[in-house]
Amino acid sequence: MKAPVPFGQFFPGDSPVHRLEPRAKMGLVAAYMVMLFTVDGFAGLAVAAGLAVLAVTVSSVPPRLVLRGVRAVSVILVFTLLAHGLRWNPATVTLVRIGPIGLDSQGALTGLFFAVRIVLLVIGTSLLTLTTSPVRLADALERLMRPLELLRFPAGEVAMMLTVALRFIPTTAEEAEKIVVAQVARGARFDRGGPLKRARAYVPVLVPLFVNLFRRADELATAMEARCYRGGTGRTRYAESRMTVIDQAALLLGASVMISVGMVL
Amino acid sequence: MSLALTGVSYTYAAGTSFATRALVSVDVAFGPGEVVLVLGATGSGKSTLLRVAAGLLAPDAGSVTLDGRLVDGPLAVVRPGVGFVFQSPEMQLFAETVEVDVAFGPRNQGLSEDEARIEALRALAAVGLDAEEFGTRSPFSLSGGEARRAAIAGVLAMTPGYLLLDEPTAGLDLSGREAVQAIVVAARTRAGVVVVTHDAEEFLGVADRVILLSEGRVIFDGPADELVQSPERFAEAGLRAPEILRAQMLARDAGLALPRFALDPLAAAALIAGAREGAR
């Protein structure tokens, strides 16, 4: 059992996408999302897809890694398609008709539009986490959230929580895999029966997994305190990330282009 | 009747730049009623050997037979009749009580509640946990050693013909290690037992046979006493010989004519004293 979602699974590299300052990258992803949610037709989505393909190519991240996130949302994609496409006693042209239920071509097209939007959204956000190490990502979030400290928002603590959470995703996935194998060795089966039976079959995996997670969290908290962690206030960084002129130019240019595309197409 | 690996090779991440050869043309067989100790340094392939034998990994080359039947294909599950005790097996405990947890395997094997309970009680007794005292306790309230024993009971309750244990004493204190050692000795009467460890000292005294692995190859496969009598072979596998044998090697190097080596400290002392007497 591998973790199906690539979030938090950094793919190391030295591509221009990897080198881009994380805050600039997050700004670009935000603009990309604005573009995705403002385009009205397939022409806009085609431009977004082109930009996504370009970014993936430049990043040198294997496409299968980027697409792993898409596989994880495949159920949502099918649901989106059907929710828009299926009609009860459709009056308009239908592609397929089984009894009173028909797959409407216009509805299917709308469903396809939303499904493609989700796919592109997942690709864009996956690329951010695949090309930015969790530590750099959390640093960037902290820097972005810093103004909120004026409103007593604990930006440092939130960033630390994110760093720790991201750091432990692969460890937890690995541990879950070990427990699954150990329970299978004791005759457990996860692929039999209805949804309820299958869900119950995971109890022998989830209980020890959570017990171990809480235990580890407790140990980690003690270990951090033992190393004088007293919250985010006043903590300095070993390596400060700086926005260069190139980062700023990339952010400005990229965001302008994408938001313009969103408004025009 | 044996669990046999013939010409087995296994490479992790084969075909990529991260490819690591873990096993190279390994021929070994484990019989019922014997305790086999698989020794090797970190990365020697001993855990991979155990996983291939258990059916968790399908070999790249070679075959695995269980009591004469060929078992192949990428299984990713432990073969029926083979019990596998993973490293830190207490991680698998989940039920409300120790007894229910130990009965999990037998119930999955299709036994009735009563039959599963009988097997669970028998397994708890086999690992030295009193069912009256421990059966109704939460597995999460057990000490490290007790939890390890309860987890091993969970595997023994399935009455495997072959019991494979991967570093079963890792992280335990002296009493915990002794308890696990006793379980291994007792299990021999009902199953073929294979213990993988990097600590020779722990099980050498109770093993019938030892397999030494180095860089994925078997460099020694013979009776435990044969290895005790030629302790320099430990170094070939990148391991240190047990301290008691090292002391006798030093005595022999110092000119004492030891007739043989002994693992038992008292016997070793007697041998050294006898040799000193003879030297005078």
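Residues numbered from 1 in each chain as written. Chains lettered and ligands numbered in written order. Predicted model: local features only at pLDDT ≥ 70, side-chain atom pairs only at ≥ 80, totals over all residues. Heavy atoms only, no water.

Draft legend 1. Local environment of the pattern of salt bridges. What the rule picks out here adds up to 15 salt bridges over all chains. In this structure, the salt-bridge partner of D14(A) is R19(A), at a minimum N-O distance of 3.5 Å. For the pair D14(A) and R19(A), a shared accessibility class is recorded, and that class is exposed. Shared partners join several salt bridges into a network, and the residues in it are E34(B), R209(B) and D221(B). (Salt bridge = Lys/Arg side-chain N within 4 Å of Asp/Glu carboxyl O. Buried < 20%, exposed > 50% of the residue type's maximum accessible area, 1.4 Å probe, protein only.)

Draft legend 2. Up close: the interface of chain A and chain B. Taken together, the contact between chain A and chain B spans 18 residues of the former and 16 residues of the latter. Across the chain A to chain B interface the summed buried area is about 1500 Å²; carbon plus sulfur atoms make up 71%. When the buried surface of chain A facing chain B is broken down by residue, V181(A), A185(A) and R186(A) rank first, second and third, together holding 43% of it. The tally of links from chain A across to chain B stands at one salt bridge. One salt bridge in this structure joins D101(B) and R186(A), with 2.9 Å as the shortest N-O distance. Here chain A and chain B share three residue pairs in polar contact (both at pLDDT 80 or more) between them. The leading source of residues in the side of chain A that touches chain B is helix α8 (residues 155-185) of chain A, at eight residues. The residue makeup of the side of chain A that touches chain B, split by class, is eleven nonpolar, three polar and four charged. (Contact = heavy atoms within 4.5 Å. Buried area = accessible area lost by both parts, 1.4 Å probe. Polar contact = N/O pair within 3.5 Å; in protein donor to acceptor, adjacent residues only side chain to side chain. Helix = DSSP H or I, 4+ residues; strand = E, 2+ residues; numbered from the N terminus. Nonpolar A, V, L, I, M, F, W, Y, C, P; charged D, E, K, R; others polar.)

Draft legend 3. Fine view of helix α11 (residues 245-264) of chain A. All names here are of chain A. Between its first and last C-alpha atoms α11 spans 28 Å; for 20 residues at 1.5 Å apiece the expected length is 28 Å, and the two agree. Every buried residue of α11 is accounted for by D247, G254, A255, M258, V261 and G262. In an axial view of α11, the angular spread of the buried residues amounts to 130 degrees, which keeps them on one side of the axis. With respect to the buried face of α11, the exposed residues turned more than 90 degrees away are V245, L252, L253, M263 and V264. (Expected span 1.5 Å × (residues − 1). Arc of directions from axis to C-beta.)

Draft legend 4. Structural detail: the confidence of the model for chain B. The predicted model of chain B has a mean per-residue pLDDT of 90, with 97% of residues at 70 or higher. The ipTM, which scores confidence in the relative placement of chains, is 0.77 for this predicted complex, and the corresponding pTM is 0.71. (pLDDT = per-residue confidence, 0-100.)

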